[in-house]
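Observations on the model geometry
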Amino acid sequence: MAVKSPNLMSTIVNLCKRRGFIFQSSEIYGGLNSCWDYGPLGVELKRNVKESWWRSMVTHRRNIVGLDSSILMHPKIWEASGHLSGFSDPLVDCKKCKERFRADHLESLEKCPKCSGELTDIRKFNLMFKTFMGPVEDNTSTVYLRPETAQGIFVNFLNVQQSARLKPPFGIAQIGKSFRNEITPGNFIYRTREFEQMEMEFFVPPEEDQKWYEYWSQARFQWYIDHGIKRENLRLRDHESDELAHYAKACVDVEFLFPFGWSELEGIANRTDYDLKQHSEFSGKSLAYFDEESKQHYFPYVIEPAAGADRTTLAFLVDAYDVEGEGKNKRTILRLHPSLSPIKAAVLPLVKRDGMPEMAEKIYDELLDDSIKSFYDHSSSIGRRYARQDEIGTPYCITVDSQSLEDQTVTLRERDSREQYRIAASSVSEILKQKMKDALK
Ligand code: GAP
């Protein structure tokens, strides 16, 4: 098992700030606890994570379609789903220092772990953020920020199934923000109060639930490996029966070895027909599926792979982080999978004269025209420029030198092997596209 230094988290937080991946939200006002802003490189990285998920879950699948439902929904949805009554954490407060703790995270409820003061009895604390719809702030106008994207999918089950003419087994996928008033957020973007989920509800004939549960557990585990996470840093962990959410018959977590220990990246749950039945009962409109062949109505079972875009982004950063050499030769490399790297190629004229910048800029423009996110840099020594790109995970550097002006070739340098070879300047875009395609095989 790879051992990670506990300092790795602060190193990564610093790198993220210095290079423009992730900033503390509202920093100039002292920050807002557990809220983070994605900077120019972070937004590209997280978009690539989400796009890779969407490609593998929707674009490349015959029987999975997408949805983008609203964040604010009818409050009855949360009654039906069980979130109003069941979505809570057990809390205790210290009577002396006033610190608040999750009771299930404490080793003992005898005394405060900080000041040894007396603790209150356990109270249930609902995790949903509440707000009001319209100008009047009373009970009739209360709405909630969704704590999971899944419910938007369940309440649209028949809209999607009928409009897209789908037959179980089929899936509905959604990426979007969710909100939870977490009592103990922390570990950078691992546990926050505002986060993005990537969820897919897969509706299957009830007798096929186990087969699809196993299929999605393996498929989702493999997705992380295909996108570069080392196998030894990933594991599948079955939930014990007392850990299961109120709607789940079974659940397995994909866990990653973070510097703070093994922690969940994604859960794959068998939600049975719980949600479709609950919404049918609470709305008075049946969400049963009509099977044309048997001429029968039935409630499909649901297998749900539910991942977090922020957590996943953090795992990719942690896993990719590498340091080579020591002292003056120390070099940081983010070995991100090329499909996730925020910048795919840096175009670098060896010197700032003799026509090299002009040739390099032409290649740079061609790459941008071909939708290959690239970066042009002509400042400082070539070694330092390579090092700057390694640190942000750029997989390819293209260097224009004096030979380029004579024979129209350039150097392609690969980040991980540091191998360098010459290719035709006119083929840079094609070669990079092929390399990125090959990396996904
Ligand atoms: N629809 C099922 C569901 O929401 P969950 O395990 O509560 O299940 C799914 O959440 C995923 O959402 C988690 O595996 C995690 O990646 C992400 N997630 C949940 N709470 C989060 C938080 N407070 N901060 C960041 N990501 C979170």
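Residues numbered from 1 in each chain as written. Predicted model: local features only at pLDDT ≥ 70, side-chain atom pairs only at ≥ 80, totals over all residues. Heavy atoms only, no water.

1. A few points about the nonpolar core
Quick reminder of the rule: In this description, a nonpolar core means a group of buried Ala, Val, Leu, Ile, Met, Phe, Trp, Tyr and Cys residues linked to one another through side-chain atoms lying within 4.5 Å. Relative accessibility thresholds used throughout: buried, under 20% of the residue-type maximum; exposed, over 50%; partly exposed, between the two (1.4 Å probe, protein chains only).
One finds Phe21, Trp216, Tyr224 and Leu234 to be the most contacted residues of the largest nonpolar core, which totals 54 residues. With 20 residues, the next largest nonpolar core counts Ala360, Ile363, Val400 and Ile423 among its residues.

2. So, the site of the ligand
Heads up, the condition is: What makes a residue near a molecule or strand is one non-hydrogen atom of that residue sitting within 4 Å of it. Side-chain atoms alone can form a polar contact between residues adjacent in sequence; in general such a contact is a pair of N or O atoms within 3.5 Å, and within protein one must be able to donate a hydrogen while the other accepts it. Computed with a 1.4 Å probe, the accessible areas rest on the Shrake-Rupley method; for each residue, only the protein chains presented here act as cover. A 1.4 Å probe that fits but cannot get out identifies a cavity on a 1 Å grid over protein atoms alone, an open set with protein on both sides within 12 Å along at least five of seven lines counts as a pocket, and a residue lines either if it has an atom within 4 Å of a point. Placement in a cavity or pocket follows one criterion, namely that more than half of the molecule's atoms lie within 2 Å of its grid points. Strands are runs of DSSP state E lasting at least two residues, helices are runs of H or I lasting at least four, and both sets are numbered from the N terminus onward. Each residue is assigned to one class: nonpolar for Ala, Val, Leu, Ile, Met, Phe, Trp, Tyr, Cys and Pro, charged for Asp, Glu, Lys and Arg, and polar for all the others, Gly among them.
The ligand sits among 21 residues. The nearest are Glu148, Arg180, Thr192, Glu199 and Glu264. Interatomic distance of 2.8 Å between a backbone N/O atom of Thr192 and a nitrogen atom of the ligand. Leu265 has a polar backbone atom sitting 2.8 Å from an oxygen atom of the ligand. Expressed as a share of its isolated accessible area of 550 Å², the protein-covered part of the ligand is 91%. Comparing atom positions with the cavity grids shows the ligand to sit within the largest pocket. For the shell around the ligand, the secondary-structure elements that each account for two or more residues are strand E10 (194-204), strand E13 (261-272) and strand E16 (301-308). Considering every element that reaches the shell around the ligand, the biggest residue donor is E13, with five residues. Residues belonging to the shell around the ligand are distributed by class as follows: seven nonpolar, four polar and 10 charged.

3. Digging into the layout of surface pockets
Using the following cut-off: Grid points are joined across faces, edges and corners, and a volume is the space filled by probe spheres set on the points.
Estimates place the volume of the largest pocket at around 1,400 Å³. Forming the walls of the largest pocket are 45 residues, and the residues nearest its centre are Phe87, Arg180, Arg191, His239 and Glu264. Considering only residue class, the lining of the largest pocket consists of 15 nonpolar, 11 polar and 19 charged. There is about 370 Å³ of room inside the second largest pocket. In this structure, the second largest pocket is lined by 18 residues; those nearest its centre are Arg55, Ser339, Lys344, Ser371 and Met436.

4. Notes on helix H1 (residues 8-19)
Note the following rule: Multiplying one less than the number of residues by 1.5 Å gives the expected span of a helix. Think of it as the arc spanned by the lines of direction from the helix axis to the C-beta atoms. Two residues form a contact once any of their heavy atoms are found within 4.5 Å.
Under the 1.5 Å per step criterion, the end-to-end length of H1 is 16 Å for 12 residues, consistent within 8% with the ideal 16 Å. By the burial criterion, the buried members of H1 are Leu8, Met9, Ile12, Leu15 and Cys16. Mapping the buried residues of H1 onto a view down its axis gives an arc of 125°, with all of them on the same face. Opposite the packed face of H1, turned more than 90 degrees from it, sit the exposed residues Asn14 and Arg18. On its buried face, H1 is in contact with strand E1 (22-24), helix H9 (309-320), strand E17 (321-324), strand E18 (331-334) and helix H11 (382-392). Directly beyond the C-terminal end of H1, a positive phi value near 85° is found at Gly20.

5. Examining the sheet that holds strand E19 (residues 345-349)
Rules: Criterion used throughout: strands pair if DSSP finds at least two bridges between them. Convention adopted: a line fitted to C-alpha atoms gives each axis, helices being fitted over their contacting stretch, and angles between N-to-C directions are expressed from 0 to 180 degrees.
As summarised here, the arrangement of the five strands in space is E20-E19-E21-E22-E23, forming an open sheet in which the pairing is mixed. In this open sheet, the two edge strands, each paired with only one partner strand, are strand E20 (374-376) and strand E23 (420-424). Looking at each pair of strands side by side, their axes are set apart by 25° on average, direction ignored. In this sheet, E20 lies alongside E19 in parallel orientation, the contact comprising three bridges. The residue of E20 that forms the bridge with Ala346 is Phe375.

6. Observations concerning empty space enclosed by the protein
Scanning the model with the defined rule gives one cavity of 30 Å³ or more in all. Its boundaries defined by the atoms lining it, the largest cavity holds a volume of some 50 Å³. Taken together, His227, Gly228, Ile229, Phe316, Asp319, Ala320, Arg335, Leu336, His337 and Leu340 make up the lining of the largest cavity. For the lining of the largest cavity, the class distribution of residues is five nonpolar, three polar and two charged.

7. Section: the pattern of salt bridges
Oppositely charged side chains can form a pair if their charged atoms are brought close together. For clarity, the cut-off: The term salt bridge refers to a side-chain nitrogen of Lys or Arg lying within 4 Å of a carboxyl oxygen of Asp or Glu.
Per the counting criterion, the structure on display carries 42 salt bridges. A salt bridge links Glu27 to Lys17, with the shortest nitrogen-to-oxygen separation between them at 2.8 Å. Pair noted here: Glu27 is in the loop between E1 and strand E2 (36-38) and Lys17 is in helix H1, with a separation of 10 residues, a long-range link. In this structure Glu27 comes out as partly exposed when scored by relative accessible area, which is 39%. The partner of Arg235 in a salt bridge is Glu255, with the nearest N and O atoms 2.7 Å apart. Here the residue Arg235 occupies a position in strand E11 (residues 234-238), and Glu255 occupies one in strand E12 (residues 250-258), the gap between them amounting to 20 residues. Overall, Arg235 belongs to the partly exposed group, its relative accessible area being 32%.

8. Remarks on the side chain of Arg331
If you trace the backbone, Arg331 turns up in strand E18. Engagement of the side chain of Arg331 in a polar contact is seen with the side chain of Glu324, the distance being 2.7 Å. Excluding its chain neighbours within four sequence positions, the residues that come into contact with Arg331 are Asp322, Val323, Glu324, Asp390, Arg413, Arg415 and Arg418.

9. Topic: the domain arrangement of the protein chain
Which entries qualify depends on this criterion: How far each domain reaches was decided by an automatic or database domain assignment.
In terms of domain boundaries, the protein chain breaks down into domain 1 (6-72 + 144-317) and domain 2 (343-439). One C-alpha centre belongs to domain 1, the other to domain 2, and the line joining them spans 36 Å. Across the boundary between the two partners, domain 1 contributes seven residues, which contact six residues of domain 2. Linking domain 1 with domain 2 are two salt bridges, by the criterion used here. One salt bridge in this structure joins Glu391 and Arg19, with 3.0 Å as the shortest N-O distance. Remark: the boundary between domain 1 and domain 2 carries three residue pairs in polar contact (both at pLDDT 80 or more). Contributing elements (two or more residues each) for the side of domain 1 that touches domain 2: H1 and helix H2 (40-59). Tallied by class, residues from the side of domain 1 that touches domain 2 come to three nonpolar, one polar and three charged.

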